[in-house]
Amino acid sequence: MKITPQLIRKYLNNTCTPEEKEFVDEWYKSFDEHPDPLRFLDEVEQESLKRSMYNRFTQSVEQKHEKGGDSFFSGKLYTVFCAAAGIAALLLLVVKIADTWLTSATVQPTNLQANITYKNTGSSISKRILPDRSIVWLNPESSITYPQKFNDHTRQVKLTGEAFFEVTKDKAHPFIINSGELITRVWGTSFRVKALKNIPAEVSVVTGKVSVTQREKGQEMMLVANQRVTLLNHNKMVKHEGKQVESEMRMWKKVSLSFEDAPLSKVFTALNQRFGIHIYTKEANLNGLTFTADFTDQSLPAILEMIKESVNAGYLVDDDKTFVFKSNATL
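Trainee: Would you mind going over the packing of helix α6 (residues 264-275) against helix α8 (residues 300-311) with me for this structure?
Mentor: Helix-helix packing is described using two parameters, namely the angle between the two axes and the distance between the axes. It is at 12 Å that the axes of α6 and α8 come closest, and there the two elements cross at 170°. Taken together, the axes of α6 and α8 are roughly antiparallel relative to one another. Facing α6, whose interface residues are Leu 264, Val 267, Leu 271 and Phe 275, α8 presents Leu 300, Ile 303, Leu 304, Ile 307 and Val 311. Broken down by class, the residue content of the contact of α6 with α8 amounts to 9 nonpolar, no polar and no charged.

Trainee: What's the story with the nonpolar core in this structure? I'm lost.
Mentor: Where a protein is soluble and globular, its nonpolar side chains tend to be buried together. In this structure, Leu 271, Ile 279, Ile 307 and Phe 323 are the most contacted members of the largest nonpolar core, which totals 36 residues. Ranked by the residues each element gives to this core, the list is headed by α8, at 7 residues. With residues up to four places along the chain from it excluded, the contact list for Phe 323 reads Ile 125, Met 251, Ile 277, His 278, Ile 279, Tyr 280, Leu 300, Leu 304, Tyr 315, Leu 316 and Val 317. Grouped together as the second largest cluster of nonpolar side chains are 29 residues, Tyr 118, Ile 144, Leu 182 and Phe 191 included.

Trainee: Help me understand the sheet that holds strand β19 (residues 313-319), please; the structure alone is not making it clear to me.
Mentor: Picture the strands of a sheet paired through backbone hydrogen bonds; they go either parallel or antiparallel. On the basis of which strands lie adjacent, the open sheet formed by 3 strands has the order β17-β20-β19 and mixed pairing. The strands lining the two open edges of the sheet, one partner per strand, are β17 (278-280) and β19. For this sheet the average axis-to-axis angle between neighbouring strands, irrespective of direction, equals 20°. Looking at chain direction, β19 and strand β20 (residues 322-327) are connected through 6 bridges and run antiparallel. Each bridged residue has a counterpart across the sheet, and for Ala 313 the counterpart in β20 is Ser 327. Along the sheet, α6 contacts β17 and β20; its crossing angle with β17, the most-contacted strand, is approximately 175°.

Trainee: Quick question: what am I supposed to make of the pairing of strand β13 (residues 220-224) here?
Mentor: Within a regular strand, the side chains alternate between the two sheet faces. The alternating pattern of β13 places Met 221 and Leu 223 on a buried face and Glu 220, Met 222 and Val 224 on a face that is not buried. Turn length for the strand β12 (residues 209-214)-β13 hairpin, with the two strands adjacent in sequence and antiparallel, is 5 residues, and the turn residue Gly 218 shows positive phi of about 80°.

Trainee: Honestly, the environment of Val 245 in this entry has me stumped. Any pointers?
Mentor: Its place among the elements puts Val 245 in helix α5 (residues 243-248). Judged by its relative accessible area of 1%, Val 245 is buried. For Val 245 and Gln 227, which are 18 residues apart along the polypeptide, the C-alpha to C-alpha distance reads 6.3 Å. Excluding residues that lie within four positions of it along the chain, Val 245 makes contacts with Asn 226, Gln 227, Arg 228 and His 240.

How each quantity is defined
- Residues numbered from 1 in each chain as written.
- Predicted model: local features only at pLDDT ≥ 70, side-chain atom pairs only at ≥ 80, totals over all residues.
- Heavy atoms only, no water.
- Axes fitted to C-alpha atoms, helices over the stretch in contact; angles between N-to-C directions.
- Helix = DSSP H or I, 4+ residues; strand = E, 2+ residues; numbered from the N terminus.
- Parallel < 35°, antiparallel > 145°, perpendicular 65-115°, else oblique.
- Contact = heavy atoms within 4.5 Å.
- Nonpolar A, V, L, I, M, F, W, Y, C, P; charged D, E, K, R; others polar.
- Core = buried A, V, L, I, M, F, W, Y, C linked by side-chain atoms within 4.5 Å.
- Buried < 20%, exposed > 50% of the residue type's maximum accessible area, 1.4 Å probe, protein only.
- Pairing = 2+ DSSP bridges.

Printed below as a string of structure tokens:
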């Protein structure tokens, strides 16, 4: 017997034979004895994997010890708090991610220099990890082009649309974003770039420091946390700062929140209050689910990604501050 994508799917759907389930359990346990080959997975992917594996193990235990009790999945969803010592289920992750990418994004080489263009064709904010481990959160219909491997001097990417960047610190290799009329240079920080048609280009900083240059005139402006530069009439860069900019970028600031057996509707209410946004669903079956999770040092999009994976649902970005959850069956 071999570990295959088909076997992993059967395991997750709880349709394995007893022999198959035992085989997968032993395969997963074996990783406690060996180094983790997937240390490069980001937190959202790790949490998603840990929840899936943990849920299956817990279901088995409850069925043995609670005769006649409700199934583990009777309206409750659990997020694991350090459930496994290592993350090594490569096939499980591939199955999960492949299904998502087929419907929400396109990735294709763009030239002989092995550039990659990633476009978010889905309805929610999409996460992309670059070769230097920097993270990009792309809004719907936005795209980013980057090399398979950054060169020895700089880390250059091209953005069309809107995205939030969490750049890995590397003073020796500046990170440069080409977004239409503006060029943004950073060394390690988090910020948002807007390069949308018929809307003034913008760069807003959450942490760190960036320089923004107007491509045509060469005008340069330095920005720090809670500052934004807007290019007016394709001609003049104007700096804004203070509470307005801080409020606009609130959803990207990392927080720590925890929930225990909380209805999803109350989870949404807590997130709305904390981030100053509006998350909701009109589906009673989603509102009624109870949710347990520990979100430590996470931004709103990262939290929404974890919730989405847990409840088998997705969400639509209605505008900058409105997010509508729908079950996968209705998307």
